[in-house]
Amino acid sequence: MRIEITSPFIDKQAPDPENADVAAGTKMTVTAERGAELVFLRLAVEIDTPVKPAVARKAPKARTRSARAAPVQTPADPVDQAKTILPPEATSTQAEFQQ
């Protein structure tokens, strides 16, 4: 990761103690973790960032009415199981089983 130092500081993690004093405006290549740490501490800013490709946005879905908003349809007459007439095929099979 490429960073540019914005404030002078003493880098205690520098491999060479003689180069631990880092001046403002210095450009460095560091690991992503170390660069993120320095950016978080506001000692540096990230430079030479790769440009992210543009993300294609999906078309919004058509809005539909929710199930709660749909009107409730009730049957015209309640179904009485005792008055239900079975089709002829069903009655003939029942008669065959009873015999």
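For the structure, check the block above.
Residues numbered from 1 in each chain as written. Predicted model: local features only at pLDDT ≥ 70, side-chain atom pairs only at ≥ 80, totals over all residues. Heavy atoms only, no water.

**Overview of the nonpolar core**
And step 1. By size, the foremost hydrophobic cluster in this structure holds 9 residues: I3, I5, F9, V22, M28, V30, L38, L43 and A44.
And step 2. When sequence neighbours within four positions are dropped, the list of residues in contact with A44 reads I3, E4, I5, T6, L38 and V39. (Core = buried A, V, L, I, M, F, W, Y, C linked by side-chain atoms within 4.5 Å. Buried < 20%, exposed > 50% of the residue type's maximum accessible area, 1.4 Å probe, protein only. Contact = heavy atoms within 4.5 Å.)

**A closer look at helix α1 (residues 32-40)**
And step 1. Where α1 is concerned, the buried positions are R34, G35 and L38. Buried residues of α1 fall within an arc of 100 degrees about the axis and therefore sit on the same side. Residues of α1 that are exposed and point more than 90 degrees away from the buried face comprise A32, E33 and F40.
And step 2. Elements that come into contact with the buried residues of α1 comprise β1 (2-5), β2 (9-10) and β5 (44-47).
And step 3. Among the residues trailing α1, R42 stands out with phi positive, at a value near 60 degrees. (Helix = DSSP H or I, 4+ residues; strand = E, 2+ residues; numbered from the N terminus. Arc of directions from axis to C-beta.)

**So, the side chain of D11**
And step 1. Residue placement: D11 occurs in the loop between β2 and β3 (21-22).
And step 2. In this structure, D11 is in contact with A20, V22, M28 and R34, ignoring residues within four places of it in sequence.

**Examining the environment of I5**
And step 1. Within the fold, I5 resides in strand β1.
And step 2. The exposure class assigned to I5 is buried, which follows from its relative accessible area of 1%.
And step 3. I5 sits 23 residues away from M28 along the chain, and the two C-alpha atoms are 7.8 Å apart.
And step 4. The residues contacting I5, other than those within four sequence positions of it, are V22, A23, A24, G25, T26, M28, L43 and A44.

**Quick look at the side chain of R34**
And step 1. Mapped onto the elements of the fold, R34 is located in helix α1.
And step 2. In this structure the side chain of R34 is engaged in a polar contact, spanning 3.4 Å, whose partner is the side chain of Q13.
And step 3. Discounting chain neighbours no more than four positions away, the residues touching R34 are F9, D11 and Q13. (Polar contact = N/O pair within 3.5 Å; in protein donor to acceptor, adjacent residues only side chain to side chain.)

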